[in-house]
Amino acid sequence: MMDQDSLQKYKAIHAPDSLKEKVLSYQAKSVSRTSTVKLKSYVKPLTAFAACIFLAFLFSFPASRDQADILIGGETVGTKPYEITALRRATFMLGSPVWVQLEVSCGKPVRIVVDSGVVRIYGENHAVIGDGTSGTAESGQSVEWIIGDADTDSRYHLSLKGDDTVRRYELLFSEKSGTWSIRLMSKGESS
Amino acid sequence: MHASTFTPEEIAEVYERYADMLYRVAFSILRMKEAAEDAVSDTFYKYIDKRPAFRGREHEKAWFLRVTMNGCRDIQRKGRLQSYTPLDGIADKAADEAAGSGILDDVLRLPQKLKEVILLFYFEEMTVEQIAGVLRLSNAAVKMRLARARKALKINIRGDDIT
């Protein structure tokens, strides 16, 4: 057995009163912040509408032959990490799957390959047309990348493979921002 | 999205449930009262901000411990410990006494990975499975760390429970 004296001394450590005051003050700030959140909810439909207009404009031009990108929330994912704010809350639920919703923009169909989890590709009427560790998607199709047992200490990869090019994306968790983010890690020629 | 916020009573209830345990663990890892307080308060901030959903009390406890211990590592990794001033003689006599007592003092001097499992197993009286859940390790890895820690401490306590 652990010696009782050490155990008792350890158990005698109590959180200081100042900690409780600090924690309760967070709660008060949280309440005051909800009014801001409500305001933001009015702004969101407008932002979504603007994004739709932008996307329609973007897709009105023919994409170059083998150019492929992934889009999240209408934004092209580049080398700068794109924070997936929808995953911010889920990451803090132990065992929750990481669920990345994205869209493919490409001139020709591309092959999507993931090193962990599965990709699910949706066609017309939101019917699933592909489900597995790889699949072929066309421009504008919705894709979900689901990692059931994601570990915040690990990095996950998704590749977009065209006839001539391959783009590799990395999904990782940031302890600092408390959310998952994705970035374009490399682009090169298909082997 | 913040569907709703906690009431002060809800926060106070969760605080009473976990604050002492989290502070003990954080203090044992960081050995600085102010830093431990920051690690624990950051944990509650995340809890209030994210409103995580839990599958039960065990899951909730594991979350609080894991986030606190990650917070401690974060403070250590970023060298933030140097920005804290030791508050000798202030507030927490019990913590000072604990840090200076026999086996506990030896435990607090262990490398962090070993210290964590010893604290949770012997002092917080958690099972190997519970510790594995908190630290996201396999049961075998937890047992291995416990064995290494015991070897480091040159003590043989409760060994038959975990082998």
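Above this text you will find the structure in question.
Numbering of residues starts from 1 in every chain and runs along the sequence as written. Working convention: letters from A go to chains and numbers from 1 go to ligands, in the order in which they are written. Per-residue local features of the predicted model are confined to residues with pLDDT of at least 70, and side-chain atom pairs are confined, for both listing and counting, to 80 or more; whole-chain, interface and lining totals are unaffected and use all residues. Heavy atoms from the whole structure form the basis of all side-chain values; hydrogens and water molecules are not counted.

Q: Can you lay out helix 3 (residues 57–77) of chain B for me, pointing to particular residues and giving the numbers?
A: Taking 1.5 Å of rise per residue, 21 residues should cover 30 Å, and helix 3 of chain B covers 30 Å from first to last C-alpha, within 8% of that figure. Most of helix 3 of chain B sits inside the fold, with 15 of its 21 residues counted as buried. Comment: elements are numbered from the N terminus, with helices defined as DSSP H or I runs of at least four residues and strands as E runs of at least two. Expected helix span is given by 1.5 Å per residue-to-residue step, counting one fewer step than there are residues. For every residue, the accessible area (1.4 Å probe, protein chains only) is compared with the maximum for its type, and the residue is labelled buried under 20%, exposed over 50%, or partly exposed between those bounds.

Q: Talk me through the sheet that holds strand 7 (residues 128–132) of chain A; I want residue IDs and the actual numbers.
A: Each strand in a sheet pairs with another by means of backbone hydrogen bonds, the pair being arranged parallel or else antiparallel. Residue and element names in this part refer to chain A. Pairing between two strands is assigned when DSSP locates at least 2 bridges connecting them. Spatially, 2-1-4-9-6-7 is the arrangement adopted by the six strands of the open sheet, whose pairing is antiparallel. Edge strands, defined here as strands with exactly one partner in the open sheet, are strand 2 (75–76) and strand 7. Of the strand pairs in this sheet, strand 4 (residues 98–106) and strand 9 (residues 142–147) are connected by six bridges, and their pairing is antiparallel. Among the inter-strand pairings, W99 is bridged to a residue of strand 9, identified as I146.

Q: Run through the nonpolar core, naming residues and quoting values.
A: The nonpolar side chains of a soluble globular protein tend to be buried with one another. Grouped together as the largest cluster of nonpolar side chains are 59 residues, with contacts concentrated most on F44, I118 and F123 of chain B. Looking at this core element by element, the count peaks at 13 residues for helix 1 (residues 8–30) of chain B. Grouped together as the second largest cluster of nonpolar side chains are 30 residues, A68, I112, A150 and L171 of chain A included. Joining through side-chain atoms within 4.5 Å is the link that ties buried Ala, Val, Leu, Ile, Met, Phe, Trp, Tyr and Cys residues into a set, and such a set is a nonpolar core.

Q: Lay out the sheet that holds strand 5 (residues 110–114) of chain A in plain terms, naming residues and giving numbers.
A: All names here are of chain A. Within the open sheet, the six strands sit side by side as 3-12-11-10-5-8. Their pairing is antiparallel. The sheet is open, and its two edges are formed by strand 3 (82–83) and strand 8 (134–137), each paired on a single side. Of the strand pairs in this sheet, strand 5 and strand 10 (residues 155–161) are connected by four bridges, and their pairing is antiparallel. Within the sheet, the bridge partner assigned to V113 lies in strand 10 and is S159.

Q: So what's going on with the side chain of S28 of chain B? Which residues, and what values?
A: Summarising the element assignment, S28 of chain B is placed in helix 1. When near neighbours in sequence (up to four residues on either side) are disregarded, S28 of chain B contacts Y10 of chain A together with L108, K115 and L119 of chain B. A contact between two residues is defined here by any heavy atoms of the two lying within 4.5 Å.

Q: Describe the pattern of salt bridges, naming the residues involved and giving the relevant values.
A: In what follows, salt bridge is the name for a side-chain nitrogen of Lys or Arg lying within 4 Å of a carboxyl oxygen of Asp or Glu. This structure, assessed with the given rule, holds 16 salt bridges over all chains. The partner of K22 of chain A in a salt bridge is E37 of chain B, with the nearest N and O atoms 4.0 Å apart. With one member in each of two chains, K22 of chain A in helix 2 (residues 17–59) and E37 of chain B in helix 2 (residues 33–50) form a pair that bridges those chains. Accessibility expressed as a relative area gives 26% for K22 of chain A, which makes it partly exposed. Taking relative accessible area as the criterion, E37 of chain B reaches 12% and is therefore assigned buried. Look at the salt bridges and you will find they share partners, linking K11 of chain A together with R24, E124 and E125 of chain B into a network.

Q: Requested: an account of helix 2 of chain B, with residues and values cited.
A: Residues and elements named next belong to chain B. With 18 residues, helix 2 extends 26 Å between its outermost C-alpha atoms, agreeing within 8% with the 26 Å of an ideal straight helix rising 1.5 Å per residue. Taking burial as the measure, the 18 residues of helix 2 include 14 buried ones, the bulk of the element. One or two positions beyond helix 2, positive phi appears at R51, with a value near 50 degrees.

Q: How would you sum up the packing of helix 7 (residues 128–135) of chain B against helix 8 (residues 139–153) of chain B? Please name residues and give values.
A: Residues and elements named next belong to chain B. The N-to-C vectors of helix 7 and helix 8 enclose an angle of 105 degrees; their axes lie 9 Å apart at closest approach. By the angle class used here, helix 7 and helix 8 are roughly perpendicular. Together, V128, E129, I131 and A132 of helix 7 and N139, V142, K143 and L146 of helix 8 make up the contact between the two elements. Polarity classes work like this: nonpolar for Ala, Val, Leu, Ile, Met, Phe, Trp, Tyr, Cys and Pro, charged for Asp, Glu, Lys and Arg, and polar for all others, with Gly in that last group. A per-class count over the contact of helix 7 with helix 8 returns five nonpolar, one polar and two charged. All axes are obtained by fitting lines to C-alpha atoms, using only the stretch in contact for helices, and the reported angles, taken between N-to-C directions, cover 0 to 180 degrees. In what follows, roughly perpendicular refers to angles from 65 to 115 degrees, roughly parallel to angles under 35, roughly antiparallel to angles over 145, and oblique to any angle outside these ranges.

Q: Explain the packing of aromatic side chains residue by residue, including any values.
A: The description of an aromatic ring pair rests on the distance of the ring centres and on the angle between the ring planes. Aromatic pairs are defined between Phe, Tyr and Trp rings, using the six-membered ring for Trp, whenever the two ring centres lie within 6.5 Å; interplanar angles under 30 degrees are classed as stacked, those over 60 as edge-to-face, and all others as tilted. Within the structure shown, the criterion is met by 13 aromatic pairs over all chains. An aromatic cluster is defined as three or more aromatic residues linked by ring pairs; in this entry it consists of Y15, Y18, F44, Y47, F54, W63 and F64 of chain B.

Q: A description of the environment of Q112 of chain B should follow, citing residues and the corresponding values.
A: Residues and elements named next belong to chain B. Following the sequence through the fold, Q112 ends up in helix 6 (residues 112–123). Once the C-alpha coordinates of Q112 and R73 are considered, the two residues, 39 residues apart in sequence, prove to be 9.0 Å apart. If we skip the residues at most four places from it in the chain, Q112 touches I29, R73 and Q76. Polar contact is defined as a pair of N or O atoms within 3.5 Å, subject to the rule that within protein one atom must be able to donate a hydrogen and the other to accept it, and that residues adjacent in sequence are counted only when both atoms are side-chain atoms. Looking at Q112, its side chain comes within polar contact range of the side chain of Q76, at 2.9 Å.

Q: So what's going on with the packing of helix 1 of chain B against helix 2 of chain B? Which residues, and what values?
A: Residues and elements named next belong to chain B. Following both chains from N to C, one finds helix 1 and helix 2 inclined at 140 degrees, their axes separated by 8 Å at the closest point. It follows from the interaxial angle that helix 1 and helix 2 lie oblique. The crossing of helix 1 and helix 2 is right-handed. Listed contacts from helix 2 to I11, V14, Y15, Y18, A19, L22, Y23, A26, F27 and L30 of helix 1 are K33, A35, A36, E37, A39, V40, T43, F44, Y47 and I48. Classifying every residue of the contact of helix 1 with helix 2 by side-chain character gives 17 nonpolar, one polar and two charged. For any pair of crossing helices, the crossing counts as left-handed if the nearer helix is rotated counterclockwise from the farther one by less than a right angle, and right-handed if it is rotated clockwise.

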